[in-house]
Structures are given as C-alpha cells and as structure tokens.
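Chain and residue survey
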Amino acid sequence: MSAVVDPPADAHLVTLPPETLLTTSDQCQALRLFRETLTEATQDLFDSYDQGLPISQLVLARSRIVDLLLRCAWQRFMPDPDAAALVAVGGYGRQELHPGSDVDLLILVGDEGDGPIREHLSNLLTFLWDIGLQLGHAVRTVSECKDEARKDVTVVTNLIEARLITGDASLFNSMRAITGPDHIWPSDAFFEAKCKEQRARWRKYGDTAYNLEPNIKENPGGLRDIQMIGWVTKRHFGADSLSELVAHDFLTESEYLTLIDGQALLWRIRFALHRLTGRREDRLLFDYQRTLAESFGFSDQSQNLAVEQFMQQYYRTVMELNRLNEMLLQLFREAILLHENIGPPQPINKRFQTRSGYLEVTHDRVFARTPIALLEAFHILQLQPHLNGIRARTIRLVRESRHRIDDDFRENLGARSLFMEILRHPSGLTHALQRMNRYGVLAQYVPAFANIVGRMQYDLFHVYTVDEHTLRVLRNLRRFMVSDYDHEFPLCSAIARRIPKLELLYLAGLFHDIAKGRGGDHSLIGARDAWDFCQLHGLSEFDSRLVAWLVEHHLLMAMTAQRKDISDPKVIQTFAQTVGDMNRLDYLYLLTVADVRGTNPKRWSSWKDALLRELYQSTRRLLDRGLDNPQAQDLIIEQKQIEAMRILARAGIDAEDCRNLWFRFSVDFFAPSQPEDIAWHTQRILETPAVAMPLVDIRTVPSRGCSEILIYACDRENLFVRTTALLDQRALNVVDARIMTMDSGMALHIFRALTQDHQPIEAGEATADVIDALRRELKDLRNGKVRVTRRLPRQHRWFPIETQVSFAEDSANQRTMMRLTTLDRPGLLAEIGAVFESCNIRIQNAKISTVGAEVDDVFFISTRDARPITCETALACLRREIHERLEQQQP
C-alpha cells in the first residue's frame, strides 16, 4: 500500500517503449531493445529528479516502466499468457520502486505446478536478469502460498501488497481470498507478530534512530516503520491509502502531512543513494553523506558543515516519524487487540487519569487551562512506574500544546519546582527525559536544547547526535545509583551514594554539551547557560557555581588521563589545584565516566576506566594530604620498591639481585608502575638466562583492562619500529608505551595493548602466537622491514584530518613533550618511530589516544644522552620529517 496518489494520466515521465519490443523476433535484438528502453527510462527519471518532480511520481513511474517491460516480456516468452499469473509483491507491489530496488515477483501457477511451463519461465527470468532488473521471485500454487504464508508473517506481509501485472486474474483473486484475514493471520495475530518483528529490528539497530551511518529503511523511524503502519492499516481496515487513517480518526490532517512529508524526504534520499551508488543501497554511509548534502542544496557555514545540516534534517525527520509510529501503534492496539474496550478510567487528580495502563488527561482542555500539566505528566509517570506511558491522544495534545511553554511558563515558580522535582525523583529520570525530548517538551522548556536536537557531529568519535548523547550520559549517571548495576562501576556507584545533591550532577550532564554548534568554546558558553538556568530555578550560588564549573571543565579529567603522564606527581598536582576539593572531584569523576562511556560505547574499555580511576585515586590522596603537602616522588618510589621486594621475596628472588637490576633502571620505570608490576617485570628478567634472550612475555592486567607486553633485549636500531609494526600487523592497538635504555646496552620496552574490540589479548594460543612472532622478529633485526598490510578502515577515508605536530618542554623531567594529531592509519606508530630513529631521538614514553578517526598521541622524547630537545632547528627538522613521512603514507 502506498501513501501516494496517482499522478495525472498525462504526467508521463518517460517515453513508452516502441512496438518492436513485442514484434522483434531476433532474441539478441530484443535483449538490446529492452535493455536500452530500461536505461533510457532510468535516465529520464534521473532528469526528472533533477528538475524537482515530486518523488511520489518518480517511484510510481519507475514501477510503471517495469510493469510495461514485464508485460511485454511475458507476451514474448509465454505461449499461453493465461497459463500463470505474474504478480508484483513487496515494494514493487506497492508501486514504490527506486532505481536500485529489487523487483519482487510471485508467479502463480495452477494446481498442476509449473511443469508444463517451467522452461518458458526459466527463459523469461533469465531474460529479465539480462536486461538489468534485480529480481526476487518465487513460483507457487495458490495452496502453497497459503501454506507458506501461514508459517511466516513476512510472506503474508508480501502477499498483502500483491498486485496483478498480467496473466490469469482468477489465480490472483483466489490467492488474495485464501490468504486474507478470514483464513490466516487474523488482524490481531498479524498486528502482534508485526510489533514483535519491529521490536527485534529496532534492537538490531541499537534502539536508536541516531546512528552515525543510519539505514534509512530499517532504523527506528525509517521507511520500514511507515510500511509497518501501512500493513496493519490494510490488514485490519482494508484501507488502500494512509490518508484513510484521517477518516478513521487515527491521524489528524497535520499528522498525516507530517507522515507524508517525512516519507517523501526519505524517498528522495533513497532515490539519490541508489543513483549515486548504482545499486540498492539503504545505508547513509560516510562515503555518500557529503555528496548528498551538496545535492540537497546545503553548504558549509562557519559553525555548521553542510553534511551536519543535511543529517540534522534527516534525524529530526525520523524522530517525528518514530513518534508517529509509537502513537499509531498504540491506537491500533486499542482498536485491534482491545477492540476499543479499554476499561474505565482510574482517576489520579483533576487533570490526569489512567486507562488500560496508560496516562491520559481527564479532558481535552487540561493543558489550555493548566499549562504546568505539560511537566506534571512526566512526573506522574515517575511516581507510577507501572504505567506503560502516555496514551496516544494525550501525546497529540502535548504536541499541540507545546507553544504554551513560553517565557512566562519558564519563570513560573510551580513549573520550575516541578522540573526540579523530576530531576530529584529517585527513579524514572531517564524515561522522563527521553519522553520529554521525543514529544518536544524538553527543547521547549530549555530553549538552548532545541539547537542540539538531531545535531550530528561529523566524526567517528561521537556516534550519536548531541541530544541523544546527552540523554545517554544522564542514563549512565542514573545507573550509578541503581544497585542492579553496581557491578559495572563499583567505585562510581560508591561515590554516587555519597553525593549530597544528585540533581546538580544531572544538571551538569544536561548542559555539558548544550552549546555545541553555537560558535566559540562550547564548555564556556554551556557553563553560562547552566549558571542562568540554576539561578532561575532557585539554586544557591554555591550549587549554581558547582554546576557551571562542572560544565566548563567536563573535558578536563578525560584529557588529563588520556593525554598526560599521570604517573608524574606534578601532573596530579596541577590537576588537583584546578579541581580544588574532594566534592568537585567526586562530581567530575562521575560526569567524566558517564560522558566518555556515552560518547561511543564500543570504544569504552577497561583501559580508559583504569586511567580515570587512577587519576581519581591519585588526586584524592593528594587532596587528603593537602595541596600544600605533595608527596615527593622519591618517597613514593621507595615505598613501591619496598612492597615489590616483599612480593619477590615470597617468590624466592634474592634481594641483592633485585637491587643490582634496579640500579640500572631510571625513575621512568618505577614512577608509573605499581609494586605488583615492578615485581613481575623484575622476576621475569632475573629468571631469564642470557641464552634465552630476547625476553618477550605477555600478561593480562585485569586492573587496567589491557595486555602488557614486556620486551627485554639488546638495544638495537629499529627495535621500537619493528616491534610496533608487528603489533600493528597483528591488529593490536598500543595504548601506552615506555621505552628505557640502560648503560649495560639493554633496552626495556613495556607496551600496553588492546585488540580491535578493546579487549586484552586472549590468553593461550593468541598470546603464544604474538610472543613467538616477536621473538622471531627481534632475534634478527637485519631482516627486511615488517610491512603493515592492514587496510585503512573504510570510514576513515572520509575524514580529512590535518597533521599537526607541537612541542612543549618538560624541563622538570629532562625531556620534551611532542603532541601529534593526524589521521589514524595502519603502521602509524612504526612510521613515527622510524622518524625518531632517523633523527637520533630517544622515546621515553608514549600516550596513545585515538578519537574516532583522529590520532591524538603524546610522545615524551629526548636526545640520546637523555636531555630535552631545545634546539629550534632540530624541532623544526623533526616536524618536517614527520609531515613528509605521513604524506607519503596518506591514503
């Protein structure tokens, strides 16, 4: 069933094929004529698309073109055209055919089967493939259709949309009758099955319409959701057009127009996708987004890329379609399953009541008379968590009444108090805010929020739109307080339970990204928005200042943990001075974990968790001692060595041997290590005889959620380069590296690494395989260079990231800090190592961080004699060498 109406009879978009399609006897000439006709007709459609013809006419015209070709082909190949029936099903049956869409066909044959005409059908189908149609077909008798449809709801769904093209009409009519709701799949069973199917499909796509590369057909809010409405409408009501939902009082006229406008946009995008790719393609991949944005008339603005504007239009459209789908399915449920017997209302107060498990208003003038009820509805759902949601007709009233949330409404003490009550309530916050966003209330109450609804950030790091990310951060914060999730983040859960005012944390989460896309520093602008909001809502100056501070500094902890050497007491001292006190540290830590985890759940790892936890605990210890009383690094190292010695003594390791080995090591070995780490490294080195060198070992470090790779070998040229290249070729991501060279001529390399799915290397065969490969490589570094042959991920090609190299002196530690930002690519770390080798530079430490497609690595480097690199000429040369090397590797 299509939501479109037929264009006027004279609205021909293509030239009809000549009579020779039927009369040409030469098979080769017929094949050429059919193929040319299809090609020319397709080009005519493209030209009509460029001229702005309504997309509803184009998909209909495409269907009619195919109809005509099929009828002509049927006449050519079937000696008796009425020996079977040629039927269009699926999207082709609905006459919604896009350039790359499959042409789904059902060939109905009599009870004797297809035996008498099998050869003719085979020749027909081969011919149709040869002229360029992408076919999906089945050959069945009428009784087989019934049997297959009874077993599979997808089959009966296809048959609902069946349309006779040519052939025996009696077979077609018999099939329609025997597969109708009076015989199989009555409308209530069909409705329940399709709802189950939709829920499964939504789960497959992450229960969100806001994926970075959405499937415009299958994602929530996509074309399949509109089709779902159409199938149910046709099965239950026998309606042939979605416009009949207005007559049945399921949709208002404006909602119907919203539905049709949304469908038209998705159709235009799908049509353009098929044209661009030359095939059926329903995924809005990064490969196509920029091109489509330009073709849809968008252009880059100072704070908003064309592609971001295009995708925001898409996301806002599917959000509306998703809401309409939710509302209509609820109304269908009442009509089809409950047969309008929804039971008597159960009063709550003068404004609200419940009916059949849903909240509804007591009369249609509730929001007009009491606008504050627009917030009250969501608070009631928190107070009565057994309710399934808001009844569809009340959702409609909420949408129609949003304009009542104006400046006077926001300044109303009752409204402000009610919003804060929603934030303070111990349960239901996530669902309340999600519904408020879905129905447009949140953006109306917090006007700045409207700017981020559907706002895409064109990178691989932020996998959700800004509003969806914000709500996921709030969900993560809320989970810290739910005992069922204590096992996920035990430390966060413990801290959250001692937080004095959770609503301040939630407000910081709500405002932390609210200024994205408005120009300037979004943290500073958002902090001002947060301050104004808190003051308007009667928060004290102290609480308002805390929320604004959290918004302004919400990136501080993550940046410190991932880009700085948090084993350096001075880094901890600087961070602690910015934080100031334990209360702020607790709030900031919770906000940071929730934010990082909510940005890209697939890139969250135990390694990031460990870094943030270590920074939190180190800062907490310093704040406990007092900012004016930092602990000296020498004392910290001495305490670690004492504890490590105890561990080694229990393993039977001689203390004097330990001291002799440690004498060769620099502070860089001890500062970032825990006593357990020092003990393991020491034991493995002391227990390995010289003939067994080089030493290579791997262990899993559960507390850090990573694998640690230990290499102890003679210091040789290319040691770092060859090691990192081999690890990269094995698809292992190095997240941290410490490189130490001793006067004895030995080198100690300690790498922390994760697999591609952000997990430690699997113990057993996988670990042994990496160890063997490294040992073979390190035994003879004269072999040819290890070649990293892994391909650049497809998505990375569409993010042109400029290579930038900057330097800063770390004089306290006698080294130079180099920061590199560039496009992530296979073999990158080895290439940088090769530059260091050629420039005679020593790596002491490396902090490896990848944000989407962008590498943001920090290297701590020095001269070969362990001095900082201060010569500007040398730094300029190093910067130039890196640029030249990476330009050669540019994908």
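About the cut-offs
Residues numbered from 1 in each chain as written. Predicted model: local features only at pLDDT ≥ 70, side-chain atom pairs only at ≥ 80, totals over all residues. Heavy atoms only, no water. Helix = DSSP H or I, 4+ residues; strand = E, 2+ residues; numbered from the N terminus. Contact = heavy atoms within 4.5 Å. Areas by Shrake-Rupley, 256 points an atom, 1.4 Å probe, with all protein chains shown as cover. Polar contact = N/O pair within 3.5 Å; in protein donor to acceptor, adjacent residues only side chain to side chain. Pairing = 2+ DSSP bridges. Axes fitted to C-alpha atoms, helices over the stretch in contact; angles between N-to-C directions. Parallel < 35°, antiparallel > 145°, perpendicular 65-115°, else oblique. Left-handed = near helix turned anticlockwise from the far one by under 90°. Phe/Tyr/Trp six-rings, centres within 6.5 Å; stacked < 30°, edge-to-face > 60°. Buried < 20%, exposed > 50% of the residue type's maximum accessible area, 1.4 Å probe, protein only. pLDDT = per-residue confidence, 0-100. Expected span 1.5 Å × (residues − 1). Nonpolar A, V, L, I, M, F, W, Y, C, P; charged D, E, K, R; others polar. Salt bridge = Lys/Arg side-chain N within 4 Å of Asp/Glu carboxyl O. Core = buried A, V, L, I, M, F, W, Y, C linked by side-chain atoms within 4.5 Å.

1. Topic: the overall build of the protein chain
- On a plain count of helices and strands, the protein chain comes out with 39 helices and 17 strands.
- Seen through its principal axes, the protein chain has C-alpha atoms that stretch 100 × 75 × 50 Å.
- For the protein chain, the share of sequence-separated contacts (at least 6 apart) that also reach a separation of at least 24 residues comes to 72%.
- Looking at the protein chain as shown, the accessible area adds up to about 37,500 Å², and 48% of this sits on carbon and sulfur atoms.

2. Comments concerning the environment of S838
- Secondary-structure assignment places S838 in helix 38 (residues 828-838).
- Counting along the chain gives 535 residues from S838 to Q303, while the straight-line C-alpha distance between them is 41 Å.
- In this structure the side chain of S838 is engaged in a polar contact, spanning 2.8 Å, whose partner is the backbone oxygen of V835.

3. Remarks on the sheet that holds strand 4 (residues 163-167)
- Spatial ordering of the open sheet is given by 3-2-1-4, a layout of four strands whose pairing is mixed. Of all strands in the sheet, those with a lone pairing partner are strand 3 (135-141) and strand 4, marking the two edges. Here the strands of the sheet are splayed against their neighbours by 25° on average, with no regard to which way each runs.
- With five bridges connecting them, strand 1 (residues 84-88) and strand 2 (residues 103-109) associate as antiparallel partners.

4. Comments concerning the packing of helix 26 (residues 522-536) against helix 27 (residues 541-552)
- The contact between helix 26 and helix 27 brings their axes to 8 Å, and the two run at 160°. Taken together, the axes of helix 26 and helix 27 are roughly antiparallel relative to one another. Considering the relative orientation of helix 26 and helix 27, their crossing is right-handed. Together, S523, L524, G526, A527, A530, W531, C534 and Q535 of helix 26 and E541, S544, R545, V547, A548, V551 and E552 of helix 27 make up the contact between the two elements.

5. As for the sheet that holds strand 6 (residues 352-355)
- Strand order in the open sheet made by the four strands is 5-6-7-8, with mixed pairing throughout. The open sheet has two edge strands, strand 5 (346-347) and strand 8 (389-390), and neither has a second partner.
- Bridging between strand 6 and strand 7 (residues 358-361) involves four bridges; their strand directions are antiparallel. Bridge pairing in strand 7 links F352 to V361.
- Packing against the sheet, helix 17 (residues 392-401) makes contact with strand 7 and strand 8, and its axis sits at approximately 50° to strand 7.

6. Here we look at the packing of aromatic side chains
- According to the stated counting rule, one finds 26 aromatic pairs in the structure shown.
- Here the aromatic rings of Y314 and Y315 are separated by 5.4 Å at their centres, their planes lie at 65°, and the arrangement is edge-to-face. Side by side, Y314 and Y315 carry an identical accessibility label, which is buried.
- With a centroid separation of 5.6 Å and an interplanar angle of 75°, the aromatic rings of F836 and F859 are classed as edge-to-face. In this pair, F836 sits in helix 38 while F859 sits in strand 17 (residues 854-863), placing the two residues 23 residues apart along the sequence. Comparing F836 with F859, the two get one shared label, buried.

7. Observations concerning the confidence of the model for the protein chain
- Per-chain confidence: the protein chain averages 89 in pLDDT, with 96% of residues scoring 70 or above.
- Confidence over residues 1-12 falls short of pLDDT 50; this stretch has 30 contacts with residues more than four positions distant or in other chains.

8. Side note on the pairing of strand 13 (residues 804-810)
- As paired strands, strand 13 and strand 14 (residues 815-823) are joined by seven bridges and run antiparallel to one another. Residue V805 lies in a different strand from strand 14, and its bridge partner there is L820.
- Between the antiparallel neighbours strand 13 and strand 14 lie four residues, among them Q814 with a positive phi of about 55°.

9. Looking at the side chain of S567
- Structurally, S567 can be placed in the loop between helix 28 (556-563) and helix 29 (569-579).
- Given a relative accessible area of 15%, S567 falls into the buried group.
- Separated by 2.5 Å, the side chains of S567 and D565 make a polar contact.
- Residues in contact with S567, not counting those within four places in the same chain, are Q633, A671 and P672.

10. Brief notes about the environment of D543
- The residue D543 is located in helix 27 in this model.
- Owing to a relative accessible area of 7%, D543 belongs among the buried residues under this scheme.
- Counting along the chain gives 42 residues from D543 to K501, while the straight-line C-alpha distance between them is 9.0 Å.

11. Focus on helix 19 (residues 413-424)
- The end-to-end C-alpha distance of helix 19 is 16 Å, a good match for the 16 Å that twelve residues give at a rise of 1.5 Å each.
- Looking at helix 19, one finds that the buried residues are A415, R416, L418, F419, M420, I422 and L423.
- Contacts from the buried residues of helix 19 go to helix 16 (373-383), helix 18 (407-411), helix 20 (429-438), helix 21 (441-445), helix 25 (502-511) and helix 26.
- With a side-chain oxygen positioned 2.7 Å from the backbone nitrogen of G414, the residue opening helix 19 is N412.

12. A word on the packing of helix 28 against helix 31 (residues 606-625)
- Viewed as axis vectors pointing N to C, helix 28 and helix 31 meet at an angle of 105°, and their least axial separation amounts to 9 Å. Comparing the axis directions of helix 28 and helix 31 gives the class roughly perpendicular. Side by side, helix 28 and helix 31 meet where M557, A558, T560, A561 and Q562 of the first sit next to K608, L611, L612, L615 and Y616 of the second.
- Here the contact of helix 28 with helix 31 is built from residues that sort into seven nonpolar, two polar and one charged.

13. Considerations on the pattern of salt bridges
- Applying the stated criterion to the full structure yields 54 salt bridges.
- Among the salt bridges present, the one from D67 reaches R163, with a minimum N-O distance of 2.9 Å. Of this pair, D67 sits in helix 3 (residues 55-77) while R163 sits in strand 4, and the two are 96 residues apart along the sequence.
- Take D67: its relative accessible area is 4%, and that puts it in the buried class.
- Here R94 makes a salt bridge to E96, at a shortest N to O gap of 2.9 Å.
- Using a relative accessible area of 9% as the deciding quantity, one classes R94 as buried.
- Exposure remark for E96: the relative accessible area of 6% places this residue in the buried category.
- Put simply, R201, E218, R224 and D225 are held in one network by salt bridges that share partners.

14. Examining the nonpolar core
- Judged by nonpolar contacts, the single largest core of 215 residues is most densely connected at L70, L128, F332, F419, L477 and L590.
- If near-sequence neighbours (up to four positions away) are discounted, L128 is found in contact with L70, A73, L105, L133 and L135.
- Listed in part, the 42 residues of the second largest apolar core include L727, L732, A737 and I861.

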